[in-house]
Amino acid sequence: MKDQNQVDEKLNSEGMRAISEMVKGLPDDVPSMSWRSQLNERILAEAKPKKAFDLHRWLLRPAIGLGLAAALALVVVFRPIAPDTTGSSVESLMIATHQDDVNYASVTGAGLSVDEMTEFSNPTPVADPLLDLDVF
Amino acid sequence: MEAGAEEALIERCRRQDVEAFGKFVDAYQARVYGFVKRMVSNADEAADVTQEVFIRAFQSFTRFDGRSSVRTWLFRIANNLCIDRSRRLGRTPKAIGFGSDYEDGEEMEVSDSRWQPESLALDAELIQVVELGIAEMSEKLRMVLLLHDREEMSYEEIAETLSVPVGTVKSRLFLARAHLQSVVKRYMTEGGNA
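The numbering scheme is per chain: residues are counted from 1 as the chain's sequence reads. Chains carry letters from A onward and ligands carry numbers from 1 onward, assigned in written order. Confidence filtering applies because this is a predicted model: local features only for residues at pLDDT of at least 70, side-chain atom pairs given and counted only at 80 or more, and all residues used for totals across whole chains, interfaces and linings. The side-chain numbers reported here are obtained from all heavy atoms of the structure, hydrogens and water having been left aside.

Scanning chain B from terminus to terminus reveals eight helices and zero strands. Note on conventions: DSSP H or I runs of at least 4 residues are helices, E runs of at least 2 residues are strands, and numbering of each starts at the N terminus. Beginning at the N terminus, the succession of helices and strands in chain B can be written as α-α-α-α-α-α-α-α. Burial classification: accessible surface area is computed with a 1.4 Å probe over protein chains only, and a residue below 20% of its type maximum counts as buried, one above 50% as exposed, and the rest as partly exposed. Relative to its 194 residues, chain B shows a buried fraction of 53%. Of the roughly 9100 Å² of accessible surface on chain B, a fraction of 47% belongs to carbon and sulfur atoms. Accessible surface is estimated by sampling points in the Shrake-Rupley manner with a 1.4 Å probe; for residues, cover comes only from the protein chains shown.

With that settled, the discussion passes to the overall build of chain A. Scanning chain A from terminus to terminus reveals five helices and zero strands. When the helices and strands of chain A are listed from N to C terminus, the series reads α-α-α-α-α. Evaluated residue by residue, chain A yields a buried proportion of 14% over its 136 residues. Total accessible area on chain A is roughly 11100 Å²; 63% of this is exposed by carbon and sulfur atoms.

So, on to a nonpolar patch on the surface. Patch definition: residues above 30% relative accessible area lacking any salt bridge, with like charges linked at up to 9 Å and the nonpolar side chains Val, Leu, Ile, Met, Phe, Trp and Tyr linked at up to 5 Å. The term salt bridge refers to a side-chain nitrogen of Lys or Arg lying within 4 Å of a carboxyl oxygen of Asp or Glu. There is a patch of nonpolar side chains on the surface, built from W58(A), L59(A), L60(A), I64(A) and L68(A) and spanning about 580 Å² of accessible area. For I64(A), the location among the structural elements is in helix α3 (residues 33-77).

All names here are of chain B. Take the buried Ala, Val, Leu, Ile, Met, Phe, Trp, Tyr and Cys residues and link them wherever side-chain atoms come within 4.5 Å; each set so joined is a nonpolar core. In terms of nonpolar packing, the biggest core is built from 72 residues, with F21, F24, V32, F35, V36, F54 and F61 touching the most fellow members. Source of the domain bounds: an automatic or database domain assignment. Counting contributing residues, this core receives three or more from each of domain 1 (3-89) and domain 2 (117-189). Pairs of residues are marked as contacts when any of their non-hydrogen atoms sit within 4.5 Å. In this view, V36 contacts S41, A46, V49, T50, A78 and C82; residues no more than four positions away in its chain are not counted.

Residue and element names in this part refer to chain B. Between helix α6 (residues 139-150) and helix α7 (residues 155-162), whose axes approach to 10 Å, the crossing angle comes to 140°. One way to sum up the angle between α6 and α7 is to call them oblique. Where α6 crosses over α7, the two elements pack in a sense that is right-handed. In this structure, α6 uses M143, V144, L147 and H148 to contact α7, whose residues at the interface are Y155, I158, T161 and L162. Only C-alpha atoms enter the line fits that serve as axes; for helices the fit covers just the stretch in contact. Angles between N-to-C directions range over 0 to 180 degrees. Oblique is the label for every angle not falling under 35 degrees (roughly parallel), over 145 degrees (roughly antiparallel), or within 65 to 115 degrees (roughly perpendicular). A crossing counts as left-handed when the near helix is turned anticlockwise from the far one by less than a right angle, and as right-handed when that turn is clockwise.

This part covers the side chain of R177(B). Note on placement: R177(B) falls in helix α8 (residues 166-192). For the purposes of these results, a polar contact is taken to be a pair of N or O atoms within 3.5 Å, where, inside protein, one atom must be able to donate a hydrogen and its partner to accept one; residues adjacent in sequence count only when each atom of the pair is a side-chain atom. A distance of 2.8 Å separates polar atoms of two side chains, one belonging to R177(B) and the other to D149(B). Those residues in contact with R177(B) that lie beyond four places of it in its chain are L11(A), M16(A), I19(A), S20(A), L145(B), H148(B) and D149(B).

Taken as a whole, chain B shows an average pLDDT of 82; of its residues, 81% reach a score of 70 or greater. If you check the scores for this complex, the pTM reads 0.64 and the ipTM reads 0.76. pLDDT is a per-residue confidence score from the predictor, ranging from 0 to 100.

Each pair of packed helices gets described by two things: the angle between the helix axes and the distance between those axes. Residues and elements named next belong to chain B. Closest axis-to-axis distance for the helix α4 (residues 70-89)/α7 pair is 9 Å, and the angle between their directions is 45°. On the basis of their axis angle, the class for α4 and α7 is oblique. By crossing handedness, the relation of α4 to α7 is classed as right-handed. Along its contact with α4, which presents R71, T72, F75, R76 and N79, the element α7 presents E157, E160, T161 and L162. When residue character is reported, Ala, Val, Leu, Ile, Met, Phe, Trp, Tyr, Cys and Pro are called nonpolar, Asp, Glu, Lys and Arg charged, and the others, Gly included, polar. Partitioning the contact of α4 with α7 into residue classes produces two nonpolar, three polar and four charged.

So, about the packing of aromatic side chains. Residues and elements named next belong to chain B. Any pair of Phe, Tyr and Trp rings, taking the six-membered ring for Trp, is counted once the centres come within 6.5 Å. Such a pair is stacked with planes under 30 degrees apart, edge-to-face with planes over 60 apart, and tilted for the rest. For the structure on display, the rule yields ten aromatic pairs over all chains. On the basis of an interplanar angle of 55° and a centroid distance of 4.8 Å, the ring pair of F61 and W73 is categorised as tilted. Here F61 is found in the loop between α3 (43-60) and α4, whereas its partner W73 is found in helix α4, with twelve residues between them in sequence. In terms of burial, F61 and W73 fall into one category: buried. Ring geometry for F64 against W73: centres 4.9 Å apart, planes inclined by 40°, an arrangement best described as tilted.

What follows is the structure, encoded as structure tokens:
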């Protein structure tokens, strides 16, 4: 504290104040006009990216969001629908019949129709087995 | 500039208003340039550094919170850029600094009859002597001297700008002025009045 007071006293002495006035009285330098115009250009260049950023922020980002939402809506609305096989329309019955045929074919093998398979499972008894030999 | 007008200008600068920032540059360019020129001792480099000061100020105005005055904030940027430049160039502090003969200040007291402050007039030659005396100082002393005696900042503002205690500011100011006293005295006894 005492040291600080001493420093304060010395700083306020006549000689120190004279030096202070001398420093204060030194002439001012002003930068040139070309310096200033160069600075203006740099400031404008600094300001431009900011505007581009705003444009991006306020226009492009919502546009991208809307685009994504629209794409999602299209996917939901126009998603591929599996054929309805449980209904009673003609198309549904045709599809069901076709699928049955395919299933039967995979079980019984090629060449036998549904009707043939039924007949084969219940053969008509032949009265005279030799009659059959006539066919040869 | 009036306080209200300056507040309004600062608010516009915060919003990155180029026109307002131009007015801000008008208000401070000479002072910042003068400070930087004396810190870097080269007019071309000073012009470059001063431009960088204002570009940094423009970039960071959005973060200026107003806790310190805009002048303190601006000179802190200038000061930091001068220090950065000095470090980049690897320049060491010059001979006049801490630990010099003026440390205790006793021998610089104004008892010398040749030292007559009231008769000092700033002619061109004396201005050059004083400028050279300022250029000889260490950066730390020079900063404090310029901020206090040129920019009329308070001890507290300088302490905040340089992030040092107020006591350190005062002792640096004392050393800086003491050095200039010795330079001017030498000039008067050996050169100017001879």
